[in-house]
Amino acid sequence: MPTFFSPLAEADLEGIGDYIAADNPSRAVSFISEVRMHCERIERNPRAYRTRLELGKGIRSCAHGNYLILFTMVDAAVLIVRILHGARDLRRALEDEPPEDDAY
């Protein structure tokens, strides 16, 4: 099952990387790589992950450190919808685009 990233998920990864890179550039690169590998594991068995009906129909989540990978299945593919810090207001983040100054 192929995996695709929404534009917001790609923006989330870029923002997370930038945030981590401010203190540790090499860790930023390795962390983003780890998240992408985790997304590849999701594609092997996406139904094994928790459904999050409170966040929307078909949304599932998977934790990676302090972050949540939010995804859904579309046809025969996994769509990574957002990658957000677990302390964020997830409902709001899924409804709106993140503000420019939003901390990760």
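Going by the structure above, here's the rest.
Residues numbered from 1 in each chain as written. Predicted model: local features only at pLDDT ≥ 70, side-chain atom pairs only at ≥ 80, totals over all residues. Heavy atoms only, no water.

Some words on the sheet that holds strand 1 (residues 3-5)
- Pairing is mixed in the open sheet, where five strands are placed in the order 1-5-4-3-2. Each edge of the sheet is formed by a strand with only one pairing partner; in this case those strands are strand 1 and strand 2 (50-51).
- Across three bridges, the pairing between strand 1 and strand 5 (residues 77-85) is parallel. The residue of strand 5 that forms the bridge with Phe-5 is Ile-80.
- In this fold helix 1 (residues 7-21) packs onto strand 1, strand 4 (67-74) and strand 5, with an angle of close to 40° to the strand it touches most, strand 5. (Pairing = 2+ DSSP bridges. Helix = DSSP H or I, 4+ residues; strand = E, 2+ residues; numbered from the N terminus. Contact = heavy atoms within 4.5 Å. Axes fitted to C-alpha atoms, helices over the stretch in contact; angles between N-to-C directions.)

A look at the packing of aromatic side chains
- As enumerated under the stated definition, the model contains two aromatic pairs in all.
- Measuring from ring centre to ring centre gives 5.8 Å for Tyr-49 and Phe-71, while their planes differ by 85°; the resulting arrangement is edge-to-face. Note that Tyr-49 is positioned in the loop between helix 2 (25-44) and strand 2 and Phe-71 in strand 4, a separation of 22 residues in sequence.
- In this arrangement the basic side chain of Arg-36 is found over the ring face of Phe-5, its NZ or CZ atom lying 4.8 Å from the centre. (Phe/Tyr/Trp six-rings, centres within 6.5 Å; stacked < 30°, edge-to-face > 60°. Lys NZ or Arg CZ within 6 Å of the ring centre and 35° of its normal.)

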